[in-house]
Each structure stands twice: as C-alpha cells, then as structure tokens.
Amino acid sequence: MSETLELTWEEIRNLPHGSYCLIDIRSAFDTAYGMIPDAVNIPREELEETWKELPADQKMILYCTRGIFSKECAEELRENGAEQVYSLAGGYHGWLVSEKNAEEEKAGGIKDENAPSTDVKSAGEDEEPDVRQKDNEAAADGSEQRQHGERKPNGRSQKALDVEKSIRKRFHKELFSRFAKAIREYELVQENDRIAVCISGGKDSMLMAKLFQELQRHHKFPFELVFLCMDPGYSELNRRMIENNAKILEVPIVFFESSIFEAVYDIEKSPCYLCARMRRGYLYSKAKELGCNKIALGHHYDDVIETILMGMLYGGQVQTMMPKLHSTNFEGMELIRPLYLIREDDIKHWRDYNGLRFIQCACRFTDSCTTCRPDGTGYSKRQEVKQLIAEMKKTNPFVESNIFKSVENVNLNTVIAYKEHGVRHHFLDEYDGYETHDDTEEVPESHGG
C-alpha cells in the first residue's frame, strides 16, 4: 500500500483508527457545501507550506471533490519528501458513492412502498448516502444520523419528522420566522395561488420546500404547491441524490428533462448566465403547463447582497435581486423568492444539524469542485464578492445589513442618472426645474473631512 498513490474509501475505512489524517484541500467556499466527517480543511496552497507540521506517524489522505487536484498535490508532496501521503480516489464524490453503495447493500435493496413518488416518470427509489459514524463521533450527531428507512406507524419518515421539528423548534427564529416575514412583507403568496417550488437539489431549494410545506399546514388561506425539478443533464450520482433526499424529506418532486447542460457546455462567454436564463425559461414553461401562476426560487439574503455588489463592481450599475417579479415572456406568471431574508449560514447550520447532504452546482463546469477544473481556474465573481464581504465584515460587523439596506434607501436627488421601465433619466433633465442644495447630500462620517 505504501507505493499506492490513491486509496479507495473502502481501503481507508479499514485502516486502524488514528493511523491517518483526512485532509480536505478545497477552499472554505467549497467545503461549506459538505465535508467528510472527521476531515480537517487545509487548502492546497496552505498544505504545501505546512505539511511538515502534521503528525509524522499518520498517513495524510487528501481529497477534493473529484480527486484530480488532490492526486496532483499528493504527487508533489511525495516529490518534496512526504512519504505517507495519499489521495482519496474519486474525492468527496467518491466518498458519497461508497457510502451510498454501502447503505444500499445494508438495506438489501428493499424498496419502501410508503415513500412518496418523486417522479411522474418512475424515478429511482434509492437510499440517501448515509453518514458513517466514526468511533469518536459525538452522540448528539448520531441521533441525527439514524437510518433513514425508519418509519412511524402512520407511514411518515422519522427523518422527515425530525427535520420538520427542527424547523418548528430549533430553527424557528432563523428560518421559519424570516420565511414568513418575507411572505408577508413582500406579499409573495396570495389566496388560491398555485406555486411551483423549484428544486435544484441544493440545500436552499430543499429547505424552501420544507418551509412551504410547514406554511401550508398553518396558513390562514388555501394555496397549492407543486415541487418541480428540471433535470438539465445531471450526472447519475447527482440525480440519485436529489431523488433520495426528496424521498427522505417527503417532498413529492415532479421531474422533467431538458438538455441545457449540453447546450451551454461549449459556450465560452458567460455560460452560467445563459444556463440560468434557459433554466428559468424551462421552469416557467413547465410550471404554466402544470397550472401554476408562480415559480419560487431559493435565493437567500446572501445572494441578494452579493448581487448588489456584483452589479456595482463588475456591471457598473446599482440594482438588486428583487423579492418578486412579473414574467416578461410568460403572461400571468410571477417569480418569487421567499428565502429573501434568510441567512446562508443559518441554512448550513440547519443542514448540518440534521445530517443532510445535498448537491452543490451540478453542471459540467462545477460538477467537480472549483479546485478540480482542468485549467486550474477557480473562483467565480460571486465567490470573489462573497470573500470580499467576509473581509469587510472583520472591520465592520454591519456591512451586510448596510449593503442590503442601500437599495432600500436610494435618494434619486443624489444620483447622476437612473433608469425606470427602460427609460434613462439624467439629473440635468430637471436640474433647472427645482433647486438641489448641497445639504441634501448625505456624506458618511468617515469621508466628511
């Protein structure tokens, strides 16, 4: 084994406890979407400088998302004198597959006839990849990671019941209250709405689905929900993960297929923008076909403030991600964003508390982690802005709320120009029609001289 560069998860699992250190070399941005239990995060650039400080009597087992860059890193460290360094074959995704296969083998392939259908086209009913408990795993985590097949006499999944309870109790203030506040404040849901809750398979959209189910149970007026998931060309693993999570969480997803990933794969300029636009069009079309008048997307508070800064820094414009919009191309349809006031960190906490694992972005550009792109390129503009905000927050703890409020407190008397319904207005257009005084300018104290 000493001459082997890659180890499978099955081989690692059979190593003596304490004989190895599992190291996630991805960025903090990527590890936020999930890590292997008991792994430590040391980004690749840091590991190359600090590996000699790690225990010499333990094997260093590196992983990224697909195992491409972790293998390269292991090779480089060996060339620099590290003898016991390896790469996890397949990376984080390889671990997910191994855990999933082990769980299916343990279950013996028995299907749960009580589980809700997740596909009008008979989607697979595989189990979710479970989190294997280590000897030193905390007992509290173990209670959250019980077998997902356990069901109550009424046919309800124990896991779904636990997740719903966490929304009502543990995370009521951070999640449900802010969800309900956005619904009220921006008037997102009206009586007799039929809403297509759009499921991408990530943490945000799956939480949104559970919040809508909770809202429907307790709301004062009737409305309908359709949980809609477009498969734009997911890998088999990602498709199965979405199906399994939907089954475990009791979200009856309706799947439909498109070939968007194939269409945008060879686009060099702004493929992500084009993909997002095409996905939204497909979702509008299918939702309308199913009799819906609204589609709900899972953008949260952090997406909003990042979009504001991205528009300023990279687009040269002041704009925000609106809580609701009328569709331009689909008459009578609206887009709503009910997670508008929910913080991403609270969503992550909810995910981890319940031992849930979701896909990140599953397109061909990011099906592997950003560190695993063949050309070595990594961060998107949104990631750069996210890191910029985190840096600013170190010196100004109110920076996030200030960015959010900035588009609520726009004073048109203090801007050079603006657009309204596509028409550009300049301050000189009406400059002589009214007086603008210098005392109307609100200068921040730090810049006031």
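Predicted model only: the values in this text are computed from it and were never measured.

**Q** In this structure, what is going on with the overall build of the protein chain? I would like to understand it.
**A** Along the backbone of the protein chain there are 16 helices and 13 strands. Within the protein chain, the fraction of its 449 residues that count as buried is 48%. Counted over contacts in the protein chain with a minimum sequence separation of 6, partners at least 24 positions apart contribute 74%. Total accessible area on the protein chain stands at roughly 23500 Å², and carbon and sulfur atoms take up 49% of it.

**Q** Mind showing me how you'd approach the pattern of salt bridges here?
**A** Close approach of charged atoms lets side chains of opposite charge pair. Within this structure, the stated rule accounts for 29 salt bridges. Measuring nitrogen to oxygen at the nearest pair gives 2.7 Å for the salt bridge that ties Lys386 to Glu306. Placement of Lys386 in helix H15 (residues 381-393) and of Glu306 in helix H13 (residues 301-315) is noted, with a sequence separation of 80 residues between them. Looking at Glu306, the relative accessible area reads 2%, which means it is buried. One connected set of salt bridges, linked through shared partners, spans Arg156, Glu164, Arg168, Lys210, Glu214, Arg217 and Glu250.

**Q** Could you clarify how one ought to interpret the sheet that holds strand S3 (residues 40-41) in this entry?
**A** Strand pairing in a sheet is mediated by backbone hydrogen bonds. Such pairs are either parallel or antiparallel. Within the open sheet, the five strands sit side by side as S1-S5-S4-S2-S3. Their pairing is parallel. Where the open sheet ends on each side, the last strands, each with one partner, are strand S1 (6-7) and S3. Sheet analysis places strand S2 (residues 20-24) next to strand S4 (residues 59-63), joined by five bridges and oriented parallel. Of the residues in S4, the one forming a bridge with Tyr20 is Lys59. Most of the contacts of helix H4 (residues 68-79) go to strand S5 (residues 85-88), to which it runs at about 175°, and overall it touches S1, S4 and S5.

**Q** What is the right way to read the side chain of Ser205 from this model?
**A** Summarising the element assignment, Ser205 is placed in helix H9 (residues 203-218). Reaching out from Ser205, the side chain makes a polar contact with the backbone nitrogen of Gly201 at a distance of 3.4 Å. For Ser205, the contacting residues outside a window of four places in its chain are Cys198, Ile199 and Ser200.

**Q** Can you help me understand helix H10 (residues 236-249) in this one?
**A** The periodicity of an α-helix, 3.6 residues per turn, causes residues three or four positions apart to be oriented the same way. The end-to-end C-alpha distance of H10, which contains 14 residues, comes to 20 Å, matching closely the 20 Å that a straight helix rising 1.5 Å per residue would cover. Of all 14 residues making up H10, 13 are buried, and the element is well covered by its neighbours. Directly after H10, the chain includes Glu250, whose backbone phi takes a positive value near 60°.

**Q** I tried to follow the pairing of strand S6 (residues 194-198) on my own but got confused; where do I start?
**A** Counting buried positions along S6 yields four of five residues, so the element is predominantly enclosed. Bridge count between S6 and strand S7 (residues 224-231): five bridges; the pairing is parallel. Bridged to Cys198 within S7 is Leu228. Where the polypeptide runs from S6 across H9 and back to S7, its parallel neighbour, the crossover connection is right-handed. As judged from the three bridges shared by S6 and strand S9 (residues 294-296), these two strands associate in the parallel manner. Residue Val197 lies in a different strand from S9, and its bridge partner there is Ala296.

**Q** Explain helix H16 (residues 399-406) to me, please; I cannot follow it from the model alone.
**A** Within the sequence span of H16, burial applies to Val399, Glu400, Ile403 and Phe404. Mapping the buried residues of H16 onto a view down its axis gives an arc of 140°, with all of them on the same face. Looking at the packing, one finds that the buried side of H16 touches H13 and H15.

Rules used throughout
- Residues numbered from 1 in each chain as written.
- Predicted model: local features only at pLDDT ≥ 70, side-chain atom pairs only at ≥ 80, totals over all residues.
- Heavy atoms only, no water.
- Helix = DSSP H or I, 4+ residues; strand = E, 2+ residues; numbered from the N terminus.
- Buried < 20%, exposed > 50% of the residue type's maximum accessible area, 1.4 Å probe, protein only.
- Contact = heavy atoms within 4.5 Å.
- Areas by Shrake-Rupley, 256 points an atom, 1.4 Å probe, with all protein chains shown as cover.
- Salt bridge = Lys/Arg side-chain N within 4 Å of Asp/Glu carboxyl O.
- Pairing = 2+ DSSP bridges.
- Axes fitted to C-alpha atoms, helices over the stretch in contact; angles between N-to-C directions.
- Polar contact = N/O pair within 3.5 Å; in protein donor to acceptor, adjacent residues only side chain to side chain.
- Expected span 1.5 Å × (residues − 1).
- Right-handed = clockwise from strand over helix to strand, strands pointing away.
- Arc of directions from axis to C-beta.

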